[in-house]
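In case you want the letters, here they are:
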Amino acid sequence: MDTTHIDLFALIGGEFEKKASTDGGEFAGACPFCGGEDRFLIWPTPDAGNPRFWCRQCKASGDAIEFIMRRDNLAFPQAVECLNLQPQMASRDWTARQKQISRPVRSEKDYAALHDSQWQASAATFCTEASNRLWSNQGEIALKYLRARGLADQSIRDAQLGYSPKGMSQKWGEVNVWLYSGIVIPWMIDGQYWKVNIRRRPSELRNNDKRYQQAKGGANALYRADAVYPGCTVVITEGEFDALCVCSNVQELSDIVPVATGSTGGAQLLAWVATVAKADRVFIAFDADDAGDQAAKWWLDIFGDKASRLRPLLHDVSDMVQADKSLVDWIKSAA
């Protein structure tokens, strides 16, 4: 749906200060939803795509249609009618947006990570201690494993990966949290912990135990969402390590921003779709299996011609790196 003619300043109201000239100009002001004073950003005349907004605090984001839907609590068709837009959207785009709008969305109150400051403080303490431990003698084996997976030291540090040597029970605010031993993977977006994942030690897995376990209280998120910027090329992977492998091995491709959903069904919420929508191109690099192919279709339906399936040459991105396959050549082949 074309909203390029809509004046976002007039639609949103309020005063905005110009912060940057990139992508047609970036302006900051008060958020009409959460009240934040300077974290609501507007790109009114982007170099590519529709005018859009994004709040760094409450994560409200999207174009004029999403703004009206959120402000007036309208469904998609009513928002389109309110803006006097012509319903020329392709059927697959309508289906995708309707799927996003109609799926049940839990309140922030359902996630301790989004409202409990003590949960945040406990997560910060645990993750900081784990990160320090990874670079000590205690974390030697875990660090060796990460390097073998194709992760560069700088990517490991930037991601604040850590190591927890034993399982333990803790109280994070109002939540009783069980923390497994293994590699600690913080999901931090704009300085806030959305969840804490732990890649369990293989020796402790039994039968159908999951390799990854999340600390209770975490929320649905898009890993590295705050790295996405207007005009970039987003590579969506399933696992965090796959995303970090891309970070570690494609430095020469400066516009590539890898993110991860954490699972085939993760991050399927409007806020994260709107975040990815800031990109000019979207490559879906889910695992090379039936589940990955099916999950990729969901994102392809959302973004249409803007998106492509970037199927790993082996099972996943990490396997490619370990087999000395060039991620740069792989990505360039799809560009």
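The following paragraphs examine the structure supplied in this document. (Residues numbered from 1 in each chain as written. Predicted model: local features only at pLDDT ≥ 70, side-chain atom pairs only at ≥ 80, totals over all residues. Heavy atoms only, no water.)

A few words on the overall build of the chain. Helix and strand counts for the chain come out as 13 helices and 15 strands. The buried share of the chain, taken over its 335 residues, is 50%. For the chain, contacts bridging at least 24 residues in sequence account for 58% of all contacts bridging at least 6. Accessible area of the chain: about 15900 Å², with a carbon and sulfur share of 45%. (Helix = DSSP H or I, 4+ residues; strand = E, 2+ residues; numbered from the N terminus. Buried < 20%, exposed > 50% of the residue type's maximum accessible area, 1.4 Å probe, protein only. Contact = heavy atoms within 4.5 Å. Areas by Shrake-Rupley, 256 points an atom, 1.4 Å probe, with all protein chains shown as cover.)

Here we take up the packing of helix α9 (residues 240-249) against helix α13 (residues 327-334). Across the interface, α9 lies against α13 with an axial gap of 9 Å and an inter-helix angle of 100°. With respect to their mutual orientation, α9 and α13 come out roughly perpendicular. Together, Cys245, Val246 and Asn249 of α9 and Leu327, Val328 and Ile331 of α13 make up the contact between the two elements. Residues that form the contact of α9 with α13 fall into these classes: five nonpolar, one polar and no charged. (Axes fitted to C-alpha atoms, helices over the stretch in contact; angles between N-to-C directions. Parallel < 35°, antiparallel > 145°, perpendicular 65-115°, else oblique. Nonpolar A, V, L, I, M, F, W, Y, C, P; charged D, E, K, R; others polar.)

Quick look at the nonpolar core now. Soluble globular proteins tend to pack their nonpolar side chains together in the buried interior. In terms of nonpolar packing, the biggest core is built from 64 residues, with Leu161, Tyr223, Ile236, Trp272, Trp299 and Ile331 touching the most fellow members. With sequence-adjacent residues up to four places away left out, Tyr223 is seen in contact with Ala159, Leu161, Ile185, Pro186, Trp187, Glu240, Ala243, Leu244, Val259 and Ala260. (Core = buried A, V, L, I, M, F, W, Y, C linked by side-chain atoms within 4.5 Å.)

This paragraph deals with helix α7 (residues 140-148). When we look at burial in α7, the residues that qualify are Ala142, Leu143 and Leu146. The buried side chains of α7 occupy one side of the element, clustering within an arc of 100° when seen end-on. For α7, the exposed residues lying more than 90 degrees away from the buried face are Glu140, Ile141 and Lys144. On its buried side, α7 packs onto α6 (117-134), α8 (153-158), β6 (162-164), β9 (182-189) and α9. (Arc of directions from axis to C-beta.)

On to the sheet that holds strand β13 (residues 256-260). Strands belonging to one sheet form pairs held by backbone hydrogen bonds; the direction of such a pair is parallel or antiparallel. Ordered by their spatial adjacency, four strands build an open sheet running β13-β12-β14-β15, and the pairing between neighbours is parallel. A single partner strand is all that each edge strand has here, and the edge strands are β13 and β15 (307-309). Each strand of the sheet is rotated relative to its neighbour by a mean of 25°, with strand direction disregarded. Of the pairings in the sheet, the one linking strand β14 (residues 281-284) to β15 comprises three bridges and is parallel in character. Bridging across to β15, Val282 finds its partner in Ala307. Relative to β13, α9 is tilted by about 170°, and along the sheet it contacts β12 (233-237) and β13. Across the face of the sheet, helix α11 (residues 290-303) comes into contact with β12, β14 and β15 while running at roughly 165° to β15. (Pairing = 2+ DSSP bridges.)

When charged atoms on two side chains of opposite charge get close, those side chains can pair. By the definition in use, this model includes eight salt bridges. For Asp72, the salt bridge identified is with Arg71, shortest N-O distance 2.9 Å. In this structure Arg71 comes out as partly exposed when scored by relative accessible area, which is 41%. Notably, a salt bridge pairs Asp209 with Arg200, separated by 3.9 Å at the nearest N-O pair. Shared partners join several salt bridges into a network, and the residues in it are Asp293, Arg309 and Arg311. (Salt bridge = Lys/Arg side-chain N within 4 Å of Asp/Glu carboxyl O.)

Here the focus is helix α2 (residues 64-72). The set of residues buried in α2 consists of Ala64, Ile65, Glu66, Phe67, Ile68 and Met69. Residue Asp63 occupies the N-cap position of α2, its side-chain oxygen lying 3.1 Å from the main-chain nitrogen of Ile65. Just downstream of α2 lies Asn73, where phi reads positive at about 55°. (Polar contact = N/O pair within 3.5 Å; in protein donor to acceptor, adjacent residues only side chain to side chain.)

One pass over the full model with this rule turns up 15 aromatic pairs. Geometrically, the ring pair formed by Trp298 and Trp299 is edge-to-face, given 5.0 Å between the ring centres and 70° between the ring planes. Assigned by exposure class, Trp298 and Trp299 land together as buried. By the ring-pair criterion, three or more aromatic residues cluster together here, those being Phe9, Phe16, Phe27, Phe33, Phe40, Phe53 and Phe67. Just above the ring of Trp135 sits the side chain of Arg157; from NZ or CZ to the centre is 3.7 Å. Here Lys278 stacks its cationic end above the ring of Trp54, 3.8 Å away from the centre of that ring. (Phe/Tyr/Trp six-rings, centres within 6.5 Å; stacked < 30°, edge-to-face > 60°. Lys NZ or Arg CZ within 6 Å of the ring centre and 35° of its normal.)

So, on to the sheet that holds strand β5 (residues 61-62). As summarised here, the arrangement of the five strands in space is β1-β2-β3-β4-β5, forming an open sheet in which the pairing is antiparallel. Of all the strands in the sheet, just β1 (16-20) and β5 have a single pairing partner and so form its edges. Here β1 pairs with strand β2 (residues 26-29) via four bridges, running antiparallel. The residue bridging Lys18 from the neighbouring strand is Phe27, located in β2.

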